[in-house]
Protein chains: 2
Amino acid sequence: MTESAEIALRHPQGETTIVVGAGALAAAEERLAAWLDGRTVFLVTTPRVALLHGPRLGWVDRRCARRVTLEVPDGEAAKTLDEAGRLWREMLAAGGKRDSRVISLGGGSVCDLAGFAAGCFLRGVEVVHCPTTLLAQADAAIGGKTGVDLPAGKNTVGLFHHPAAVIADVEVLGSLPRRELAAGLVEVVKMALVLDPALFARLEDRLDALLAADPAELAPVVAAAAAAKAAVVERDPAEGDYRRVLNLGHTVGHALEAALGYGGGLLHGEAVAYGLLFALRLAVGRSLEPATAERVRALLARLGLAPLPSAAPSLAPPALLAFVQRDKKAREGGIDWVLPTALGGFEITREIRLDAVAAELERFLADPWRAIGAAA
Amino acid sequence: MTESAEIALRHPQGETTIVVGAGALAAAEERLAAWLDGRTVFLVTTPRVALLHGPRLGWVDRRCARRVTLEVPDGEAAKTLDEAGRLWREMLAAGGKRDSRVISLGGGSVCDLAGFAAGCFLRGVEVVHCPTTLLAQADAAIGGKTGVDLPAGKNTVGLFHHPAAVIADVEVLGSLPRRELAAGLVEVVKMALVLDPALFARLEDRLDALLAADPAELAPVVAAAAAAKAAVVERDPAEGDYRRVLNLGHTVGHALEAALGYGGGLLHGEAVAYGLLFALRLAVGRSLEPATAERVRALLARLGLAPLPSAAPSLAPPALLAFVQRDKKAREGGIDWVLPTALGGFEITREIRLDAVAAELERFLADPWRAIGAAA
């Protein structure tokens, strides 16, 4: 590894070290040697990822007492209670103990499932995440959120369980389909918009090189996004209030995913992009300058995301609104909207009336990419 | 309520208030009013407990926005992943949100399941435990341990999720069968032995009145046991090391339960009593005075516990030893035994060789109640 960034995230359970760089997985051997020494290690991954990137962790076998690989399905299909139950039974059958270790190697779904499995196995064993997608490297693997889905809602069962370390090797992103890379960049855009204007400008400047998976371009962007996220999590580890800034775009994003069925049409990042577009519309009705909203919309448009299947019956405005109201970020008192107020600024508000949301949702679904602030 | 004890347990997530007294459930209305105000409340209980003690919480309906009762089976049968999954689906379907509340009303199994369900629903909602068995009041409801069983092991899936409050109403203990009261007293004996010699002496003095469920006798004993447990948890909330003192008797106790099948012969407290008897045998081989071991054995004998079904094939020494080795308290390096060293003292040791355990186990199973230190 030629150069790497190292970010420390302090949280109530201890500290997470986040390493970002080209070749970070191969270079992690020394760092994790003591953590693995003498332990049983459960490597949670998918057959596809194991084939592509498993060799980068080949050194694990000579550092631990015993490695047990637990294969799970690709994508959101991994995030079920049944899969979690299967992992727990296999970990127990394989002699897993409280001081056993879990390593996840895969995308956000693998991190979420492996983190949940680690967090609840014998009331908690330590985990290191090795995220292999941009979305997981910049976002999902950081901050301790873990969980699985229920048929009626995404991430509805889970807990906060911080990893001991996150090893983000940007070299592995070269194997990602362009669509997944673009979807991952959505979360980076989201964080840059409200937390890091310099990163936002960099994204505008280098988007094409990033979409080409150039490791030299990806490394500083992933590191900046990871640092932004780590700072938010450190300030509010249990998502009391401030951390909810990261839910920007997720209220409608999750509703879209639930309405279309997980894995049924949109990638998570794509759904968040549409949620972000919707949030921009609500925000210009408050304090966001239309020109800023337009900059964000234009940047998202350059990602060339899959179109929203607006004709789907589950995306009829009343049906989608019901999913929005059921999202777990809703509280008893109503829906908390995270909205940008400017580049580098945001608010969390419960002041938007449901009929205003419904009306905007109808206009939005008719033409999601329409210029913001323009007449219908 | 005429008089009650109030114990504060500070932990990393905040503070738990433990209230112990006769009539504590009816008296909790003012205390919990703000916690319930405007919330959806999920009351997790069993049909039997609801019938017996539900009316003591009748005031909940006028303090919350909406109560949803979730009934679960009695006893260990509640502690399955399937039951947890059902609760989560029902909570979601009923519109549960992050600021919804969970109240458990029942024994240790109901506390464990409800705490686990609360801890993982939307990554954690707050819970108040209203334990209705002596075991739950003195032990299980305190300290944040939650979880369910897998077929291959008890409490193998769960997390630490501290309750906001524990309301222990000793009046409800009058409805307990004598057998359950006696089993609950085993955990009290366990804590008194290593943590509170004055409580141990009180147990020796008042055991008959306690077994008659006299509330005036039970209140100070439950309060003392709860205070002892709270002090241990406060010192070591995540069970790093010191808290493992509470596992005294549980290594063999859990193995017996697993070997006999949960709910298949012994109550948890009864299994712990046999585990404690076994620990006494190992302890006199180290630093415990035989006379002290005999005092403990004599006190346990007065409880009139169900006999150990020694003839069960799963209790053949090699079979039971395999269960001991699989217990979750085992670590990669061997089995950590918690052993009393004197009244008010204990050690945690990994120095006992497996062949010595096997030999002692064989002698123990032949005659569990035999005087300790006597020749075979």
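These figures come from a predicted structure and were not determined experimentally.

Chemist: Is there a simple way to think about the overall build of chain A in this case?
Modeler: Helices and strands together make up the secondary structure of chain A, namely 14 helices and 11 strands. Against the 2.2 N^0.38 benchmark of 21 Å for 376 residues, chain A shows a C-alpha radius of gyration of 20 Å, consistent with a compact globule. Dimensions of chain A, computed from the C-alpha atoms along their principal axes, are close to 65 × 40 × 35 Å. Residues classed as buried in chain A amount to 60% of the 376 residues present. Partitioning the contacts of chain A with sequence separation of at least 6, the portion at a separation of at least 24 is 77%. Looking at chain A as shown, the accessible area adds up to about 12,800 Å², and 52% of this sits on carbon and sulfur atoms. Taking the 40 positively charged and 45 negatively charged side chains of chain A as two groups, their mean positions are separated by 3 Å.

Chemist: How do you make sense of the confidence of the model for chain A when you look at a structure like this?
Modeler: Parts of the model with low pLDDT should not have their predicted coordinates read in detail. Mean pLDDT over chain A works out to 93, with 96% of the residues at or above the 70 mark. Our summary of model confidence lists the complex with pTM equal to 0.90 and ipTM equal to 0.89.

Chemist: Hey, could you run me through the sheet that holds strand β9 (residues 165–169) of chain B in this one?
Modeler: By definition, the strands of a sheet pair up through backbone hydrogen bonds, in either a parallel or an antiparallel sense. Residue and element names in this part refer to chain B. Spatial ordering of the open sheet is given by β1-β2-β9-β6-β5-β3-β4, a layout of seven strands whose pairing is mixed. With partners counted over all chains shown, the strands left at the sheet margins are β1 (4–11) and β4 (66–71), one partner each. In this sheet, neighbouring strand axes are inclined to one another by 15 degrees on average, regardless of whether the strands run parallel or antiparallel. Note that β1 and strand β2 (residues 14–21) share eight bridges and pair antiparallel. Bridged to R10 within β2 is E15.

Chemist: Please clarify how the packing of helix α7 (residues 178–195) of chain A against helix α8 (residues 197–211) of chain A should be interpreted in this entry.
Modeler: When two helices pack together, their arrangement is captured by the angle between the axes and the distance separating the axes. Residue and element names in this part refer to chain A. Two elements in contact, α7 and α8, have axes separated by 8 Å at closest approach and are oriented at 165 degrees. Comparing their axes, α8 and α7 come out roughly antiparallel. When the axes of α7 and α8 are compared, the crossing they make is left-handed. Listed contacts from α8 to R178, L181, A182, L185, V188, V189, A192, L193 and L195 of α7 are P197, L199, F200, L203, L207, L210 and L211. Here the contact of α7 with α8 is composed, by residue class, of 15 nonpolar, no polar and one charged.

Chemist: What is the right way to read helix α4 (residues 81–93) of chain A from this model?
Modeler: One full turn of an α-helix is made of 3.6 residues, so residues set three or four places apart face in the same direction. All names here are of chain A. Helix length check: α4, at 13 residues, gives a terminal C-alpha distance of 18 Å against a target of 18 Å (1.5 Å per residue), a fit within 8%. Taken residue by residue, α4 has L81, E83, A84, G85, L87, W88, M91 and L92 as its buried positions. Note on α4: the residue one or two positions beyond its end, G95, has a positive phi of about 85 degrees.

Chemist: Would you mind going over the packing of aromatic side chains with me for this structure?
Modeler: Pairs of aromatic rings are described using the distance from one ring centre to the other and the angle between the two planes. All names here are of chain A. Applying the stated rule across the entire model yields 10 aromatic pairs over all chains. Ring geometry for F278 versus W337: centroids 5.8 Å apart, planes at 50 degrees, classification tilted. Within this pair, whereas F278 is found in helix α11 (residues 268–284), its partner W337 is found in strand β10 (residues 337–342), the two being separated by 59 residues in sequence. Assigned by exposure class, F278 and W337 land together as buried.

Chemist: Explanation requested: the environment of A:E171 in the structure shown.
Modeler: All names here are of chain A. Relative to the helices and strands, E171 resides in the loop between β9 (165–169) and α7. Residue classification places E171 among the partly exposed residues on the basis of a relative accessible area of 38%. When the C-alpha atoms of E171 and A219 are compared, they prove to be 8.9 Å apart, with 48 residues separating the residues in sequence. The contacts of E171, once residues within four sequence positions are left out, are A22, G23 and R56.

Chemist: What is the right way to read the relation of the copies chain B and chain A from this model?
Modeler: Placing chain B over chain A gives an RMSD of 0.0 Å and needs a rotation angle of 180 degrees, together with 0.0 Å of translation along the axis. Taken together, the turn and the small shift mark the pair as related by a two-fold rotation axis. Of every C-alpha in chain B, the one belonging to B:P12 sits nearest the axis of rotation, 3.7 Å from it. Interface overlap between copies: 100% of the residues of chain B at the interface are likewise at the interface in chain A, consistent with a symmetric, same-surface contact.

Chemist: Please explain the interface of chain B and chain A as it appears in this structure.
Modeler: The accessible area lost on association of the parts is a frequent measure of interface size. Contact with chain B, which involves 35 residues of that partner, is made by 35 residues of chain A. Between chain B and chain A, a total of about 3,400 Å² is buried, with carbon and sulfur atoms accounting for 60% of that surface. On the surface where chain B and chain A come into contact, there are two salt bridges. Among the ionic pairs, A:E239 bridges to B:R98, the shortest N-O distance being 2.9 Å. Across the contact surface, chain B and chain A share eight residue pairs in polar contact (both at pLDDT 80 or more). For the side of chain B that touches chain A, the elements supplying multiple residues, two or more each, are α4 (81–93), α5 (108–120) and β8 (153–157) of chain B. At five residues, α4(B) tops the list of elements feeding residues into the side of chain B that touches chain A. Residues belonging to the side of chain B that touches chain A are distributed by class as follows: 13 nonpolar, 11 polar and 11 charged.

Chemist: Honestly, the sheet that holds strand β4 (residues 66–71) of chain A in this entry has me stumped. Any pointers?
Modeler: Residues and elements named next belong to chain A. An order of β1-β2-β9-β6-β5-β3-β4 is seen for the seven strands of this open sheet, with the pairing classed as mixed. The open sheet has two free edges, formed respectively by β1 (4–11) and β4, since each of these has just one partner strand. Recorded for the sheet is a direction-independent mean angle of 15 degrees between the axes of neighbouring strands. In the sheet, strand β2 (residues 14–21) pairs with β9 via five bridges, with the strands oriented parallel. Bridging across to β9, G21 finds its partner in D169. Contacting β3 (40–45), β4 and β5 (101–106), α4 runs over the sheet at an angle of about 160 degrees to β4. Sitting on the sheet, helix α5 (residues 108–120) is in contact with β3, β5 and β6 (126–131), with an inclination near 165 degrees to β5.

Chemist: I'm lost on the side chain of A:T156 in this one. Help?
Modeler: Of note, A:T156 is situated in strand β8 (residues 153–157). Those residues in contact with A:T156, other than ones at most four positions away along the chain, are A:V148, A:D149, A:L150, B:L92, B:C120, B:F121 and B:L122.

Chemist: I keep staring at the nonpolar core and nothing clicks. Help me out?
Modeler: One recurring pattern in soluble globular proteins: nonpolar side chains tend to sit buried together. Residues B:L203 and B:W337 are the most contacted members of the largest nonpolar core, which totals 109 residues. Broken down by element, the residue count for this core peaks at 11 residues, all from helix α11 (residues 268–284) of chain B. With residues up to four places along the chain from it excluded, the contact list for B:W337 reads B:T251, B:V252, B:F278, B:L282, B:V324, B:E347, B:I348, B:T349, B:I352 and B:V357. A:L57, A:V188, A:F200 and A:V357 belong to the second-largest nonpolar core, a separate cluster that totals 108 residues.

Chemist: So what exactly am I meant to see when it comes to the pairing of β6(A) here?
Modeler: The two faces of a sheet get side chains in turn, since along a regular strand they alternate between them. All names here are of chain A. The element β6 is extensively covered by neighbouring structure, given that five of its six residues are classed as buried. As defined by bridge partners, β5 adjoins β6 across six bridges and the pair is classed as parallel. When the bridges of β6 are listed, G106 appears paired with P131. By the bridge criterion, two bridges tie β6 to β9 in an arrangement that is parallel.

Chemist: Help me out: how do you make sense of the packing of α7(A) against helix α12 (residues 290–302) of chain A in this one?
Modeler: Residues and elements named next belong to chain A. Where α7 meets α12, the axes come as close as 10 Å, and the angle between the chain directions of the two elements is 165 degrees. Relative to α12, the element α7 lies roughly antiparallel. Where α7 crosses over α12, the handedness of that crossing is right-handed. Taken together, the residues of α12 that come into contact with α7 (itself represented by R178, V186, V189 and L193) are V296, L299, L300 and R302. Looking at side-chain class alone, the contact of α7 with α12 contains six nonpolar, no polar and two charged residues.

Definitions and cut-offs
Residues numbered from 1 in each chain as written. Chains lettered and ligands numbered in written order. Predicted model: local features only at pLDDT ≥ 70, side-chain atom pairs only at ≥ 80, totals over all residues. Heavy atoms only, no water. Helix = DSSP H or I, 4+ residues; strand = E, 2+ residues; numbered from the N terminus. Rg over C-alpha atoms; globule rule 2.2 N^0.38 Å. Buried < 20%, exposed > 50% of the residue type's maximum accessible area, 1.4 Å probe, protein only. Contact = heavy atoms within 4.5 Å. Areas by Shrake-Rupley, 256 points an atom, 1.4 Å probe, with all protein chains shown as cover. Lys, Arg positive; Asp, Glu negative; His and termini not counted. Charge placed at Lys NZ, Arg CZ, Asp CG, Glu CD. pLDDT = per-residue confidence, 0-100. Pairing = 2+ DSSP bridges. Axes fitted to C-alpha atoms, helices over the stretch in contact; angles between N-to-C directions. Parallel < 35°, antiparallel > 145°, perpendicular 65-115°, else oblique. Left-handed = near helix turned anticlockwise from the far one by under 90°. Nonpolar A, V, L, I, M, F, W, Y, C, P; charged D, E, K, R; others polar. Expected span 1.5 Å × (residues − 1). Phe/Tyr/Trp six-rings, centres within 6.5 Å; stacked < 30°, edge-to-face > 60°. Least-squares fit on C-alpha atoms with pLDDT ≥ 70 in both. Buried area = accessible area lost by both parts, 1.4 Å probe. Salt bridge = Lys/Arg side-chain N within 4 Å of Asp/Glu carboxyl O. Polar contact = N/O pair within 3.5 Å; in protein donor to acceptor, adjacent residues only side chain to side chain. Core = buried A, V, L, I, M, F, W, Y, C linked by side-chain atoms within 4.5 Å.

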